[in-house]
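Survey of secondary and tertiary structure
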Amino acid sequence: MSGVPASPSYDANQEEDVSSIDIGIYDVLLPCRRYRVTFKLAEVGKVSLTTEFLLRLIHTVDGMPEVTVAKFFDFEPQEMTYLLNDAVSLGYINRDAGRLGLTTAGRQLFVPWDEAPQIYNVDTRTMSVGFDMLSFSPEEKAWMEHFDNRLPELPIDPSIAGTARDRIPTSFKHHFNDLTSRRHSRHAARKSLYSIDEIVPTERFSAIVPVVVKSARTNPAQGEPDLLVWRSEEQLEGRHQITSAVARFVDELRMELPPDANMHYKILADLAPDLMRDYVGKDGVSAERFYRDVVSLKGAGFRKNRRTVPILGPLISVKTTRLLLDGLNRTCANSQVSCIPRKFYWRAPSNRHWGLSRSLPKLCDGISEYLATKVGEDAPPPLPVLIREAHTRGPERAFSEILEISASALPSSIEILLVPGLSVAVVVHLPVQAMNGHAVPLGFVSIDADVVARAEQLLQEVTSIELPVERVTEDMIDFPE
């Protein structure tokens, strides 16, 4: 799986930003279009030194007699004829009654700040360039996967949609040096844009914009978009239409804390009572105290006496993905083929746009590919199965099968990733320390046999799942010393 090792060693001490947390990971589609641009390039030309000196001389003394010029250069008649024919053929000098003068084109070669003539060659070129339809900045077309068509698309402002073609010349001029340096870096420095002659719209396409939703640790439910994975701060300054559209997308992710929020967190306590014991009181589970303890952790991996690890943030984050795969690596280290499940299950929460990131199919593939190494080449790889509420849409293209359950079967914010017999991750997606705001993923990853068995039972109560033929025993698990 690209970007994620198949059997990583979880690094509990990796560096991270201590002032903020990642609470959401998404990919959105940026509508783009290619344009065929026909334009002229002006390039500094070359003439002989003699012709250049002749032009300078006539520029200084317009109307100089030809015989005087011949004496100045000390040329024979044949040499003088060749020189004049060259200058006249270029259209820079006019011969009139034995005198030489600059033509209009010849006079235009001279500028106040340079005594040398500015001689250019003009070439016509055609370039196919992609522009996004929000900021009209250049955008390259990249490979799109089947999953990507399900990603949300940033909307185009209707007021500018009809004038897109008229905006391309200004953008092409503004970004001309960058566009040409990418394609013709060796000669770009000597060329400048002379004119834009024709612009023809061609194919439409979409670009992927990765969005990380971050929040301050002291105010976790107030998320803000971070686009630095996609573009630098300097590049984003010229794409304010895109940053504004992404900000609106992130703002739409806000939600109200449901009245039965305690029932959502109770799932964590029911499945992992040892982990949640200190957070359960007469009023139920204290999500805020649990959050404060988890956010202060520097990082924790699995140990023999720590088989359930609390997590904060999306399951598809790099940090949590490493923890998930590390857990599988440990429980599968010495397991028999009969302990490997044929399917693994991902229960989707009903939160808006959940799972709409390329990271989700990559994690599904990573789990499937790793488990496939344990069952051998002759057996089919374990399949990812999506469990979702009936009549809802989501990242179904990342899964091989879909199971639908009723909306009341499980609390709506609960996310469960179960690899039967081996591991389970459970996360609640609700605002923390706020009645309204962004969901803060909070939960755990466990390779504890009892926790895994409870999660299996929970899902068996709402749908049909397959379990492995045999269970992993204590001596099969690889715990660090």
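Keep in mind that this is a model prediction, so the values were computed, not measured.

A word on the overall build of the protein chain. The helix and strand inventory of the protein chain stands at 15 helices and 18 strands. Here the protein chain has a C-alpha radius of gyration of 34 Å; the compact-globule value for 481 residues is 23 Å, and the former is much larger. Along the longest, intermediate and shortest principal axes, the C-alpha atoms of the protein chain span 110 × 50 × 40 Å. Per-residue burial for the protein chain yields a buried fraction of 50% across its 481 residues. For the protein chain, contacts bridging at least 24 residues in sequence account for 75% of all contacts bridging at least 6. Within the structure as shown, the protein chain displays about 24,200 Å² of accessible surface, and the carbon and sulfur contribution to it stands at 48%. Seen as two clouds, the 53 positive and the 65 negative side-chain charges of the protein chain have centres 2 Å apart.

What the second largest pocket holds in volume is close to 610 Å³. Along the walls of the second largest pocket sit 29 residues, with S135, F136, S137, G238 and R239 positioned nearest its centre. Residue assignment for the lining of the second largest pocket shows that the elements contributing at least two residues are α5 (158-161), α6 (164-174), α7 (176-183), α8 (233-237) and α9 (240-251). Classifying every residue of the lining of the second largest pocket gives nine nonpolar, ten polar and ten charged.

For the rest of this paragraph, the subject is helix α15 (residues 449-460). Over its twelve residues, α15 extends 16 Å from the first C-alpha to the last, a length consistent with the 16 Å expected when each residue adds 1.5 Å. All buried positions along α15 are accounted for by V451, V452, A455, E456, L458 and L459. Buried residues of α15, seen end-on, are gathered within an arc of 160° and therefore sit on one face of the element. Looking at α15, the residues exposed on the side facing more than 90 degrees away from the buried face are A449 and D450. N-capping of α15 is provided by D448, with a side-chain oxygen placed 2.8 Å from the backbone N of D450.

Scanning the model with the defined rule gives three cavities of 30 Å³ or more in all. In this structure, the largest cavity spans a volume of roughly 270 Å³. Along the walls of the largest cavity sit 20 residues, with I23, G24, Y26, W354 and H429 positioned nearest its centre. For the lining of the largest cavity, the leading source of residues is strand β1 (residues 20-44), giving four residues. For the lining of the largest cavity, the class distribution of residues is 13 nonpolar, five polar and two charged. One number sums up the size of the second largest cavity: a volume of about 50 Å³. As for the second largest cavity, its lining consists of L324, L328, I367, L417, V419 and S423. Put simply, the parts of the chain that give the lining of the second largest cavity at least two residues each are α13 (318-331) and β15 (414-419). Residues that form the lining of the second largest cavity fall into these classes: five nonpolar, one polar and no charged.

Moving on to the pattern of salt bridges. Side chains carrying opposite charge are able to pair once their charged atoms draw close together. Summed over the entire model, instances satisfying the criterion amount to 21 salt bridges. Note that E203 is salt-bridged to R34, the shortest N-O span being 3.5 Å. Of this pair, E203 sits in strand β6 (residues 191-216) while R34 sits in strand β1, and the two are 169 residues apart along the sequence. Looking at E203, the relative accessible area reads 34%, which means it is partly exposed. Assessed through its relative accessible area of 16%, R34 is described here as buried. Here E466 makes a salt bridge to R342, at a shortest N to O gap of 2.5 Å. Linking E466 in the segment after α15 with R342 in the loop between α13 and β12 (343-347), this pair joins segments that are 124 residues apart in sequence. Taking the relative accessible area as the measure of exposure, E466 reaches 30% and is therefore partly exposed. Residue classification places R342 among the exposed positions, given a relative accessible area of 57%. Taken together, the shared-partner salt bridges connect R150, R388, E396 and E404 into one network.

A few words now on the packing of helix α2 (residues 66-73) against helix α3 (residues 77-89). Where α2 contacts α3, the axes come no closer than 11 Å and their chain directions differ by 110°. Here α2 is positioned roughly perpendicular relative to α3, judged by the angle of their axes. For the element pair α2 and α3, the recorded crossing hand is right-handed. Contacts between α2 and α3 involve E66, V69, A70 and F73 from the first element and M80, L83 and L84 from the second. In terms of residue class, the contact of α2 with α3 is built from six nonpolar, no polar and one charged.

With antiparallel pairing, three strands are arranged side by side in an open sheet as β2-β4-β3. Bordering the open sheet on either side are β2 (64-65) and β3 (93-96), each of which pairs with just one other strand. Bridging between β2 and strand β4 (residues 99-102) involves two bridges; their strand directions are antiparallel. Bridge pairing in β4 places P65 opposite R99. Across the sheet, α3 touches β3 and β4, and the angle it forms with β3 is around 120°.

Before going further, it helps to examine the packing of helix α10 (residues 261-271) against α15. Following both chains from N to C, one finds α10 and α15 inclined at 130°, their axes separated by 9 Å at the closest point. By the angle class used here, α10 and α15 are oblique. Residues I267, D270 and L271 of α10 form the contact with α15, whose participating residues are V451, R454, A455 and L458. Within the contact of α10 with α15, the residues separate by chemical class into five nonpolar, no polar and two charged.

The next thing to look at is the packing of aromatic side chains. In total, this model carries ten aromatic pairs according to the counting rule given. Counting every residue linked through ring pairs, the aromatic cluster contains F39, F172 and F176.

Quick notes on the rules
Residues numbered from 1 in each chain as written. Predicted model: local features only at pLDDT ≥ 70, side-chain atom pairs only at ≥ 80, totals over all residues. Heavy atoms only, no water. Helix = DSSP H or I, 4+ residues; strand = E, 2+ residues; numbered from the N terminus. Rg over C-alpha atoms; globule rule 2.2 N^0.38 Å. Buried < 20%, exposed > 50% of the residue type's maximum accessible area, 1.4 Å probe, protein only. Contact = heavy atoms within 4.5 Å. Areas by Shrake-Rupley, 256 points an atom, 1.4 Å probe, with all protein chains shown as cover. Lys, Arg positive; Asp, Glu negative; His and termini not counted. Charge placed at Lys NZ, Arg CZ, Asp CG, Glu CD. 1 Å grid on protein atoms, 1.4 Å probe; cavity = no way out; pocket = protein on both sides within 12 Å on 5 of 7 lines; lining within 4 Å. Points joined across faces, edges and corners; volume = space filled by probe spheres on them. Nonpolar A, V, L, I, M, F, W, Y, C, P; charged D, E, K, R; others polar. Expected span 1.5 Å × (residues − 1). Arc of directions from axis to C-beta. Polar contact = N/O pair within 3.5 Å; in protein donor to acceptor, adjacent residues only side chain to side chain. Salt bridge = Lys/Arg side-chain N within 4 Å of Asp/Glu carboxyl O. Axes fitted to C-alpha atoms, helices over the stretch in contact; angles between N-to-C directions. Parallel < 35°, antiparallel > 145°, perpendicular 65-115°, else oblique. Left-handed = near helix turned anticlockwise from the far one by under 90°. Pairing = 2+ DSSP bridges. Phe/Tyr/Trp six-rings, centres within 6.5 Å; stacked < 30°, edge-to-face > 60°.

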